[in-house]
Every structure is written in C-alpha cells, then in structure tokens.
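# Structural characterization, general
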Amino acid sequence: MLKENLVFFFFVFLISCSTDKSVEVILTGDVLLDRGVRKTIENHNVKYVFRGVETEFKKVDFVLINLEGPLTDTISPVNKKYIFRFDAKCAEDLKEVGVTHCLLANNHTVDQGLTGLRNTIENLKKVDLKFLGIGYDKKERLTPMILEKNGIKIAVFNSCLLKIENWISHTNGLNINTEDFSDLEIAVREFKKKNPKVYVLCVLHWGYEFKKQPELFQRLQAKRLIEAGSDVIIGHHPHVVQINELINNKLVVYSLGNFVFDQKNPEGKKALLAKLFFSKTEIKYELIDVAIDNNCPKLK
C-alpha cells in the first residue's frame, strides 16, 4: 500500500509540475549581417557579435529573429537604394548562437532577387534553421508556423505590411508574405476560430523608419488583429523603439527597434528584446532593454 501511495503521489507531482510549465520565446528586432556589421564579423566572427545575448538565447525554447537580408553567396542585386547580402555560412553561425527561427517577411529578404531568396531557403534548411513569412502562394504565406512544447501551441504569423521597392509581388511563386492587411486579418480570425486553444502571435514588419510613435492606422490595425484573435503583436522596421500598449489586455509592441545593426543614430542603438512566457492559462512577458555597442547587442 505504501508503495502504491508513493507512486500515486509521484504521479500527481508530475502532473502538477507539467501544468506549471511554460513555453519561453524570445523575439528580436532587425538583424543585419552586412555593411558595418560585416566588418565586425570579418575582424571577429558572428559568435562575437552575439556574445552579449547568446546566454539569454540558450535559456529559452525558441528564438525568433528578424533576418534583415538574404543568406547567399551569389551577388544578384535588385535595383534599390539599400541592398544587403549575408554570407551563406552565417546560417550555421546563427544556429550555433541559439537562434531557432528566422523571420523573412521584411523589405530586405529579396535584396538579391529570386536567386537570393531561393539560396536563403536552401542555406537555412541545410542547418535546420526554421523560417517563416514566405511561401509559394497566398495560402502558404498566410499559414502560421506552430511552435509547440509542453502541450502548449503558439501559431506565429509573420507579415511585411510595406511596399517592397523594385520587387514584384507575385500571386504565385516563391515570395515573402506581403499580402494585404485585410487578408492577414481574415487568416488570423479563421485560424483562431478553428483553433481556440492555440495562442496566436503576429510578428509584423511595418510603420515608418525613425518615427518614435506608431501611426494611427497601425494602432487601428493592431486593434483589429486583437479582435480577430491575436494574443500578442510584435513589430519592427522603424529602427527605433516605439511604445507598447495593452489592447483588451493583450500586448502590442509596435517596434523593438534594431538588434544587430550599424546605425550611428543614438536612437538606433537602443533596442528591446521581447521575452514571452506562454503557459496553459496565460501569457506573461518581459521587455528587456538592449544597447547596441559597436554593432553588437548587449542586455542592459
């Protein structure tokens, strides 16, 4: 009887422990591995660039970065003002420092054209780095990626709500997700209706560069996405930190700012790291101040 009681209490203990578990997710702003950051990498390495955050990355379950450019050794630039290209070997380096997912729905992933886009996918797949915000048709581009652990699921939608300079948005064919906001809203609503117990995280590349406040239309879009079923909204692109707020008690961060970047503007050297904790009953969060020192992020 004593043995049976011990087994029973141990089983209850395991259940109680499992219900307390959460899924921890880190999200960052823009990660640039070209221009001034390229020089830092050449003088040191990618691991050196992430040395101030690697420990924090490896504490959590998932790390989602906004990869602000294509991973390709082929030079095939499109005609635009700012053009980036990251060396293919950087994919393996990102994996090594703890990155698990690369968000590709932004205005620089297509800087090296379709060839660069295809190479980016191939290079990420080679090192088993997950990617999202891209697809071969509208349906695929608007299908979220599911993060799952401890019986908890988070559906991540990644969308670029900007007009892409000198890039044709194809209806069919490999492309980043630049579908209309109304289509994203519908996709979120339909997903949440079918999967009410799955958390929805929307990661948006939006807004205007160097503006310290989001635009009114962004705040209205955030409200609509929350009402459609989004549980958290995280944004980037402005290169500066913007406000965060609660809408219906749900977190909206309009811009995390940069993360790995080479801008000289003092405001461009301030950033946030979003740390989200998803349990079976609630979402908690921590917004950590980051200083970008000589292109490298460091937690304050």
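Each value, and the rule that gives it
Residues numbered from 1 in each chain as written. Predicted model: local features only at pLDDT ≥ 70, side-chain atom pairs only at ≥ 80, totals over all residues. Heavy atoms only, no water. Helix = DSSP H or I, 4+ residues; strand = E, 2+ residues; numbered from the N terminus. Buried < 20%, exposed > 50% of the residue type's maximum accessible area, 1.4 Å probe, protein only. Contact = heavy atoms within 4.5 Å. Phe/Tyr/Trp six-rings, centres within 6.5 Å; stacked < 30°, edge-to-face > 60°. Lys NZ or Arg CZ within 6 Å of the ring centre and 35° of its normal. Salt bridge = Lys/Arg side-chain N within 4 Å of Asp/Glu carboxyl O. Expected span 1.5 Å × (residues − 1). Arc of directions from axis to C-beta. Core = buried A, V, L, I, M, F, W, Y, C linked by side-chain atoms within 4.5 Å. Polar contact = N/O pair within 3.5 Å; in protein donor to acceptor, adjacent residues only side chain to side chain. Axes fitted to C-alpha atoms, helices over the stretch in contact; angles between N-to-C directions. Parallel < 35°, antiparallel > 145°, perpendicular 65-115°, else oblique. Nonpolar A, V, L, I, M, F, W, Y, C, P; charged D, E, K, R; others polar. pLDDT = per-residue confidence, 0-100.

## Considerations on the side chain of Asp 34
Here Asp 34 is to be found in the loop between strand S1 (23-31) and helix H2 (35-43). By relative accessible area, Asp 34 is classed as buried at 12%. With near-sequence residues (within four places) excluded, Asp 34 lies in contact with Ile 83, Phe 84, Arg 85, Phe 86 and Asp 262.

## A short note on the packing of aromatic side chains
Evaluated as defined, the whole model comprises 6 aromatic pairs. Sitting over the face of the ring of Tyr 48, Arg 51 holds its NZ or CZ atom 3.8 Å from the ring centroid.

## Observations concerning the pattern of salt bridges
Applying the stated criterion across every chain yields a total of 24 salt bridges. Across the pair Lys 80 and Asp 111 runs a salt bridge, and its minimum N-O distance is 2.6 Å. In this pair, Lys 80 is assigned in the loop between strand S2 (62-67) and helix H5 (90-96) and Asp 111 in the loop between strand S3 (101-103) and helix H6 (113-126), connecting sequence segments 31 residues apart. We note that Lys 80, like Asp 111, is buried. Ionic contacts of the salt-bridge type, sharing partners, join the residues Asp 34, Arg 38, Arg 85 and Asp 87 into one network.

## Comments concerning helix H9 (residues 216-228)
Under the 1.5 Å per step criterion, the end-to-end length of H9 is 18 Å for 13 residues, consistent within 8% with the ideal 18 Å. Among the residues of H9, those classed as buried are Gln 218, Gln 221, Ala 222, Leu 225, Ile 226 and Ala 228. The buried residues of H9 occupy an angular sector of 160° when the element is viewed end-on, so they sit on one face. Looking at the buried residues of H9, the elements they touch are helix H8 (181-194), strand S9 (199-205), strand S10 (232-236), strand S11 (244-247) and strand S12 (250-253). Just beyond H9, the residue with positive phi is Gly 229, at close to 135°.

## Overview of the nonpolar core
Judged by nonpolar contacts, the single largest core of 50 residues is most densely connected at Leu 33 and Phe 50. Residues within four places of Phe 50 in sequence aside, it is in contact with Val 31, Leu 33, Phe 57, Leu 94, Val 97, Phe 259 and Val 260. Core analysis: the next-biggest nonpolar cluster, separate from the first, contains 23 residues, Val 23, Val 25, Leu 201 and Ile 234 among them.

## Let's talk about the side chain of His 237
Relative to the helices and strands, His 237 is located in the loop between S10 and S11. The class for His 237 is buried, based on a relative accessible area of 6%. Polar contacts involving the side chain of His 237 include one to the side chain of His 205, which spans 3.2 Å. Look past the residues within four positions of His 237 in its chain and what remains in contact with it is Asp 30, Asn 107, Leu 162, His 205, Trp 206, Gly 207, Glu 209 and Ser 255.

## Quick word on the packing of H8 against H9
Here H8 crosses H9 at 20°, and the two axes come no closer than 8 Å. Of the possible angle classes, the one that applies to H8 and H9 is roughly parallel. Across the interface between the two elements, Phe 181, Leu 184, Glu 185, Val 188, Arg 189 and Lys 192 from H8 touch Gln 221, Arg 224, Leu 225 and Ala 228 from H9. Residues of the contact of H8 with H9, tallied by class, amount to 5 nonpolar, 1 polar and 4 charged.

## Remarks on unusual backbone geometry
In this structure, Phe 210 is a non-glycine residue whose phi angle is positive, near 65°. In this fold, Phe 210 is placed in the loop between S9 and H9. On the basis of relative accessible area, Phe 210 is assigned to the partly exposed category, the value being 40%. The phi dihedral of His 237 falls on the positive side, at around 125°, and the residue is not glycine.

## Details of H6
Compared with the 20 Å implied by 1.5 Å per residue over 14 residues, the 20 Å span of H6 between its first and last C-alpha is a close match. For H6, the full list of buried residues reads Gly 113, Gly 116, Leu 117, Asn 119, Thr 120, Ile 121, Asn 123 and Leu 124. On its buried face, H6 is in contact with H5, S3, strand S4 (130-132), strand S5 (134-137) and strand S8 (172-176). Backbone geometry just after H6 places Asp 128 at a positive phi near 60°.

## Quick notes on the confidence of the model for the chain
Model confidence for the chain is summarised by a mean pLDDT of 93, while 92% of its residues fall at 70 or above. Segment residues 1-19: pLDDT under 50, and 0 contacts once partners within four positions in sequence are set aside and those in other chains are kept.

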